[in-house]
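Letter by letter, the chains look like this.
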Amino acid sequence: MAGLSKFERPVVVQLGRHGADRIVLDVNDAATILLRNVPHQTEKRRRAMDACLQVLRGQAHPPAARRAFVAAALEAKILRSD
């Protein structure tokens, strides 16, 4: 199942004001970041969490979760590279 949750291209985010860049390779990483590092309950965050859960349940494909994660990361101002 782990291979089925990998992103085709990594997403790079910066956690914390002076934190090092973090490379997000799969849905598990994205969901963890959304839970721990994006505290504001916004619609984009909710959609991203839902998309990640759907992939983990086998109900959706990783590109949908990646798109939603990128949107939530952009909104949270942690996106460094898409």
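Reading guide: rules and limits
Residues numbered from 1 in each chain as written. Predicted model: local features only at pLDDT ≥ 70, side-chain atom pairs only at ≥ 80, totals over all residues. Heavy atoms only, no water. Core = buried A, V, L, I, M, F, W, Y, C linked by side-chain atoms within 4.5 Å. Buried < 20%, exposed > 50% of the residue type's maximum accessible area, 1.4 Å probe, protein only. Helix = DSSP H or I, 4+ residues; strand = E, 2+ residues; numbered from the N terminus. pLDDT = per-residue confidence, 0-100. Pairing = 2+ DSSP bridges. Axes fitted to C-alpha atoms, helices over the stretch in contact; angles between N-to-C directions. Contact = heavy atoms within 4.5 Å. Expected span 1.5 Å × (residues − 1). Salt bridge = Lys/Arg side-chain N within 4 Å of Asp/Glu carboxyl O.

### Some remarks on the nonpolar core
In step 1: Of all hydrophobic cores here, the largest spans 23 residues; its most connected members are V13, V24, L34 and F69.
In step 2: Contributing elements (two or more residues each) for this core: β1 (6–14), α1 (27–37), α2 (43–56) and α3 (62–75).
In step 3: Considering every element that reaches this core, the biggest residue donor is α3, with six residues.

### Details of the confidence of the model for the protein chain
In step 1: Of all residues in the protein chain, 96% attain a pLDDT of 70 or more, and the chain-wide mean is 92.
In step 2: Looking at the elements of the protein chain, mean pLDDT is at its lowest for strand β3 (residues 79–81), recorded as 92, and at its highest for α3, recorded as 97.

### So, the sheet that holds β1
In step 1: Spatial strand order, β2-β1-β3: three strands in an open sheet with antiparallel pairing. Both edges of this open sheet fall to β2 (21–26) and β3, since each of them pairs with a single strand only. If you compare each strand with its neighbour and ignore which way they point, the axes differ by 40° on average.
In step 2: Note: β1 against β2, five bridges, orientation antiparallel. Note that in β2 the partner of K6 across the bridge is D26.
In step 3: Each of β1, β2 and β3 is contacted by α3, which is oriented at about 10° to β1, the strand it contacts most.

### Observations regarding α3
In step 1: Along its 14 residues, α3 runs 20 Å from first to last C-alpha, staying within 8% of the 20 Å computed at 1.5 Å per residue.
In step 2: Every buried residue of α3 is accounted for by P62, A65, R66, A68, F69, V70, A72 and A73.

### Quick notes on the pattern of salt bridges
In step 1: In the structure shown here, the tally under the stated rule is six salt bridges.
In step 2: A salt bridge links R9 to D82, with the shortest nitrogen-to-oxygen separation between them at 3.4 Å. One end of the pair, R9, is in strand β1; the other, D82, is in the segment after β3, and 73 residues separate them in sequence.
In step 3: What makes R9 partly exposed here is its relative accessible area of 45%.
In step 4: Residue D50 is joined to R46 by a salt bridge in which the shortest nitrogen-to-oxygen separation is 2.5 Å. With D50 and R46 both in helix α2 and four residues apart, the pair spans about one turn of that helix.
In step 5: On the accessibility criterion, R46 (40% relative accessible area) is partly exposed.
In step 6: Each member of the salt-bridge network shares a partner with another, and the members are E43, R46, R47 and D50.

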